[in-house]
Amino acid sequence: MRSYQNPLKLIEILADGNFHSGEELASDFGITRAGINKYIKVLREWGIELSSIQGKGYSLKIPMDLFNKSKIDQYYQADSRVEILPIIDSTNQYMLDKIPELKSGDCCIAEFQSKARGRRGRQWFSPFGTNLYFSMYWRLEQGIAAAMGLSLVVGIVVTQALRELSGQDIKVKWPNDLYLNDQKLAGILVELAGKTGDCAHVVIGIGVNLNMTNPDPNIVNQKWANLGNINRNLLVAKIAKTLRENLEKFEKNGLAFFIDDWNHLDNFIHRPVKLLIGDDVIRGVAKGINDQGALLLEQNGKIQAYIGGEISLRSDE
Ligand code: BTN
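A brief report on the enclosed structure follows. Every chain is numbered on its own, with residues counted from 1 as its sequence reads. For this predicted model, a pLDDT threshold of at least 70 governs which residues receive local features, and a threshold of 80 or more governs which side-chain atom pairs are given and counted, while totals over whole chains, interfaces and linings are taken from all residues. Only hydrogens and water are removed before side-chain values are computed, so all heavy atoms of the structure are retained for them.

This part takes up the packing of aromatic side chains. Here the aromatic set is Phe, Tyr and Trp, taking the six-membered ring for Trp, and pairing holds for ring centres within 6.5 Å; pairs whose planes are under 30 degrees apart are stacked, those over 60 apart are edge-to-face, and all others are tilted. Evaluation of the coordinates by the stated rule reveals six aromatic pairs. Between the aromatic rings of Y179 and F268, the centroid separation amounts to 6.1 Å while the plane-to-plane angle is 65 degrees, which identifies the pairing as edge-to-face. Here Y179 is found in strand 7 (residues 177-180), whereas its partner F268 is found in the loop between helix 8 (259-265) and strand 10 (272-277), with 89 residues between them in sequence. For the pair Y179 and F268, one class covers both residues: buried. Relative to F258, the ring of F257 lies with its centre 5.3 Å away and its plane at 75 degrees, an arrangement referred to as edge-to-face. When accessible area is computed with a 1.4 Å probe and restricted to protein chains, residues below 20% of their type maximum are described as buried, those above 50% as exposed, and intermediate ones as partly exposed. Owing to a relative accessible area of 47%, F257 belongs among the partly exposed residues under this scheme. A relative accessible area of 2% means that F258 is categorised as buried. Joined through ring pairs, the aromatic side chains of Y4, W46, F112 and F128 make up one cluster. Counted as over-ring charges are cases with an Arg CZ or a Lys NZ within 6 Å of the ring centre that also lie within 35 degrees of the ring normal. The ring of F29 is capped by K9, whose NZ or CZ atom sits 4.4 Å from the centre of that ring. In this structure, R232 packs its charged tip against the face of F67, placed 3.9 Å from the ring centre. For the purposes of this entry, the term helix denotes a DSSP run of H or I that reaches at least four residues, the term strand denotes a run of E that reaches at least two, and both are numbered from the N terminus.

Here it is as structure tokens:
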């Protein structure tokens, strides 16, 4: 496997946002300037935007607040682990691969994902150091049947955490998106391992746009939003802590306990929406969710519940 040690070291030097000359960097690394150019190329492949000015050298267009284990530990003291992976294919895949070693609440975060997954087999745009890519493992004693409720609770909890930290009016969109100003801010991908009738091994993946610039239009093809500058280490600690606390509450009390929170945060409640189910389009007015996590739609004065894996919700205004 290719070693990423030197490109990562280069990012640490450039993270301050200042210019660093090619000579200075070459001497820090004990290599030629051509060698530095090779690492710069790797940084660009990871989606990092750099300025390069003759006579001044290189700088990051946006300074980076890199993940730092001791800072996260300062904000979050718990016996579960938060592992930092600078470069990974997918944080969800990483957790799925090590389920036998994990305890509920164990998390990992990455600076960059090369094969990040979204829902419905889509990709998730994951440039280095600008967003949040977070996964948590949870052993769900009630089994796979409870996973729908769990994924809605994750949306509520992450929304509340982001609202508290940023003061912005973040909302949920059924089933698993977070919205800001009617644009997608974050996505949740819950992946399961385990047999029916047994406990479910759940990996909860969360991607939040923080300072994303120029996303690949082949991957990001809907309106999107950034949360903006935020203390990323504090964000990780807060999400890890509140997710743990609330997943325990969910296991004891079920989804019913969270319905009021959902309805309060629902981006589309009482608004006209359309549901896309395969080739069918169903129109109605969104009326929140029921105890099973189904979307409630009012059509001709009647409330109908919709649930399932292949339903997409869109505004119909
Ligand atoms: C969506 O399609 O809206 C869900 C996106 C989920 C992305 C996150 S980023 C961290 C975790 N690792 C992955 O590969 N995907 C999820």
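Let's pick the thread back up.
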